[in-house]
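In case you want the letters, here they are:
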Amino acid sequence: MLHLLGALVLVATMVLVGRLATTEWQSVHKASESLRLLEQLRRGLVAVEMVSRERGPTNGALGDALPMAQQRAQALQEARARTDQAFEALRQAVAAAPRSTADGIHLVQSLQTARSALVQARADVDQVLALPQAQRSAEAIRDAVQGMVAVVPLLSPVTNPLASAAQHAYPALGDDVQGARLAAALREYAGLLGSHFTAALVKAQPFSAAERRAIDETRGRIAQLRTLVELRLQLPDEAQAVSQAWSTVEARYFGVAQALLGQVLAQGDGEGHYGLSAAEFAALYVPEMNPILALRDALLAQARDRAQQEHQRALRVLVWALAGSGALLLVLGGALYVIQHRVLQPLAKTTRALKALANNDLQAPLPVPLADDEMSAVIGAVRALQGQTRRRQDLERERDLLIEQLREQSETDYLTGLPNRRAFITQARTALAQATRYGVDMAVLVLDVDWFKQLNDSLGHAAGDKALLAVADVVRAELREGDLAARFGGEEFVLLLSHCNREQGLQFANRLREKVAAAQVMGVADPEVRVTVSLGIADSAHGGWGLDALLSAADAAMYQAKNAGRNRAVAASVSPD
Ligand SMILES: Nc1nc2c(ncn2[C@@H]2O[C@H](COP(=O)(O)OP(=O)(O)OP(=O)(O)O)[C@@H](O)[C@H]2O)c(=O)[nH]1
């Protein structure tokens, strides 16, 4: 029963622990998955940033006359190298850890598409850059700039699934990931806005209607993104780094950079006398966009912190759950072991001893108490009961022995050890009754020591006793299985012989008589002392006599033997009737 209970508790504990461990393991797994995805997303957003940033030196170079200034050419090369590095880092992250085969392939393909578009856009830019300034049409410049601009949306099929997957793995990251994407989009549109100024600045012409429309649209989009970011940043659990980053964006991009844009916009709406080149504009405008990237990175860092905290929390819970359940199982196992060894086994052994005790069996062992507890009290009580029972059994045995001894004494002649008159009569009656039933011949033989008084008087009473013992020894030695012999009193012995008729009885009596006469009386001073006996025989064949009649007939025959001179045997010859 206890084993069943233990097994049930064990199974229940295992199920609970299994569930808890599975849940927490999933949390750990999802948190680490979200960390990995966040890193991929970060690389994706950095790739977007690098493409945007590459547009700065690209636009600057498009505004230069040939040959391109050494410094600007180097800046363009460096920007392109940074973009390439960012693409490579993203490719490695995406290729190394695809979320699933299909998703992984899709991401790699999207990245390749964006990469091809970048290579093509750069080739188009280089084509324009190869022309002298005068031959570069505003359209060609705009197309080259647009070619670079068009690369960024091609990265969305990479960054969007990564952002969704990170949020899906750990939904608490949703706001941060969303915020980072908004910041990235803001940076992109800010860059785009700058790009819209390039052609007009390069040509030192007023904005065309199309350029003006594009600028207005982009500014509108930037205003929307600003609102969205502001709403996003009103959430309560924002890290200080994020708030500070946003304040810097407000001050620098929406402050300094917007003032610059307003100024250039006013000039572009007028005569087109800007007072600064495209490169100078880029040098002033581009650094003011950096705080937007800092905001993006602060939000990504916040997301990473949350994911790491969740990862650590889930790991902690998992470890505690496993350790706790291990400890619980140990305690449970220990308790079962203690109950089994200290209670159940001793109880079963004690019960067996009690049952044996009920059957007067004191041999069943009792357990050794392992501690001074309730079980040891029970064992002690049963041990006391065993002791009592043992003492009672000893007393009963002693009593039975005593009764047996008394019975034997009451039926035994103290001197010879032969049965006495009473025992003889009881046993002889039974034997005679059976013999009568089965028609078996029986004979009674009365034996009396001759001249015994004389022996007593001449050699002493002790010598008389020795003579009686000598006679008893002969009688005992000659007795057959099924015969009875007793000392009837004084120097008289009686025998009941079964399967014995008159002749056989007489024969036996004479043999007995001769043996007695030949027997040495041990223990007397004179070794030559001998005794003789006279015997009378009566047999049942003469008419189914009872014991009394047989005794009296044998006794009478014995007296005949005495009278005839002693040391002889006489058989009763007449019917008692
Ligand atoms: N030593 C001893 N003597 C006993 C014992 N019982 C009876 N006697 C003695 O046995 C004697 C019996 O004598 P009697 O009855 O005259 O017979 P008897 O001397 O043997 O003579 P008969 O039988 O005629 O030959 C008595 O003196 C008794 O005291 C006994 O247990 N030991």
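The residue count restarts for each chain, going from 1 along the sequence in the order it is written. Given that the model is predicted, a residue must reach a pLDDT of at least 70 before its local features are reported, and side-chain atom pairs must reach 80 or more before they are shown or counted; all residues, however, enter totals for whole chains, interfaces and linings.

- Named according to an unreviewed UniProt entry, the chain is diguanylate cyclase originating from Acidovorax kalamii.
- Database annotation for the chain, UniProt heading Catalytic activity (unreviewed entry): "2 GTP = 3',3'-c-di-GMP + 2 diphosphate". UniProt positions are given in the numbering used here, feature names are shortened, and annotations may be inferred rather than shown by experiment.

## Thoughts on the overall build of the chain
At step 1: Secondary structure follows DSSP: runs of H or I at least 4 residues long count as helices, runs of E at least 2 residues long count as strands, and numbering of each begins at the N terminus. In terms of helices and strands, the chain carries 16 helices and five strands.
At step 2: Residues with at least 20 other C-beta atoms within 10 Å of their own are called buried, those with 12 or fewer are called exposed, and the rest are partly exposed. The C-beta atoms themselves are positioned from the backbone. Put simply, the chain has 577 residues, and 35% of those count as buried.
At step 3: Remark: residues whose backbone-derived C-beta atoms lie within 7 Å of one another are considered to be in contact. For the chain, the proportion of contacts with a sequence separation of at least 24, taken over those separated by at least 6, is 76%.

## What to know about helix H11 (residues 374-411)
At step 1: Spanning 38 residues, H11 covers 55 Å between terminal C-alpha atoms, matching the ideal 56 Å at 1.5 Å per step.
At step 2: Where burial is concerned, little of H11 is hidden: one out of the 38 residues are buried. The span you would expect from a helix comes to 1.5 Å times its residue count less one.

## A look at the site of the ligand
At step 1: Contacts to the ligand come from 17 residues, most closely from Phe452, Lys453, His461, Gly464 and Gly490.
At step 2: Listed by contribution, the elements that provide at least two residues to the shell around the ligand are strand S1 (442-449), helix H13 (452-459) and helix H14 (461-478).
At step 3: Gly falls in the polar group here, along with every residue not listed as nonpolar (Ala, Val, Leu, Ile, Met, Phe, Trp, Tyr, Cys, Pro) or charged (Asp, Glu, Lys, Arg). When the residues that make up the shell around the ligand are grouped by side-chain class, the tally is five nonpolar, five polar and seven charged. Note on definitions: a residue is near a molecule or strand provided its C-beta atom, placed from the backbone, lies within 6 Å of it.

## With respect to the pairing of strand S2 (residues 484-489)
At step 1: The element S2 is largely enclosed, with a buried count of five among its six residues.
At step 2: Strand pairing is defined by DSSP finding a minimum of two bridges between the two strands. Examined bridge by bridge, S2 and strand S3 (residues 492-498) share five bridges and lie antiparallel to one another. Bridged to Gly489 within S3 is Glu492.
At step 3: Where S2 hands over to S3, the hairpin turn is made up of two residues, of which Gly490 adopts a positive phi near 50°.

## Focus on the sheet that holds strand S5 (residues 569-571)
At step 1: Strand order across the open sheet formed by five strands is S2-S3-S1-S4-S5, with mixed pairing between neighbours. At either end of the open sheet lies a strand with only one pairing partner, and these are S2 and S5. When strand polarity is set aside, the average angle formed by the axes of neighbouring strands in this sheet is 20°.
At step 2: Judged from the three bridges that link them, strand S4 (residues 533-539) and S5 form a sheet pairing that is parallel. If you follow Ile537 over to S5, its bridge partner there is Ala571.
At step 3: Contacts from helix H12 (residues 421-438) reach S1, S2 and S3, with the element oriented near 140° to S2. To obtain an axis, a line is fitted to C-alpha atoms, over the contacting stretch when the element is a helix, and the angle between two such axes runs from 0 to 180 degrees between their N-to-C directions.

## Side note on the nonpolar core
At step 1: For the purposes of this analysis, a nonpolar core is taken to be any set of buried Ala, Val, Leu, Ile, Met, Phe, Trp, Tyr and Cys residues that are connected through C-beta atoms within 7 Å. Ranked by internal contacts, the top residues of the largest apolar core, which has 89 residues, are Ala47, Ala166, Ala183, Leu186 and Ile292.
At step 2: The contacts of Ala47, once residues within four sequence positions are left out, are Ala86, Phe87, Leu90 and Leu155.
At step 3: Counting 51 residues, the second-largest nonpolar core is a separate cluster that includes Phe424, Leu506, Ala509 and Val531.

## Thoughts on unusual backbone geometry
At step 1: In the Ramachandran plot, Arg566 falls in the positive-phi region, its phi being about 70° despite a non-glycine side chain.
At step 2: Secondary-structure assignment places Arg566 in the loop between helix H16 (547-563) and S5.
At step 3: According to the C-beta neighbour criterion, Arg566 is partly exposed, with 15 such atoms within 10 Å.
At step 4: Here the phi dihedral of Asn567 falls at roughly 50°; this positive angle occurs in a residue that is not glycine.
At step 5: Assignment of secondary structure puts Asn567 in the loop between H16 and S5.

## As for the pairing of S4
At step 1: With seven of its seven residues buried, S4 lies for the most part within the structure.
At step 2: Neither face of S4 is exposed, since Val533, Leu535, Ile537 and Asp539 on one face and Ser534, Gly536 and Ala538 on the opposite face are all buried.

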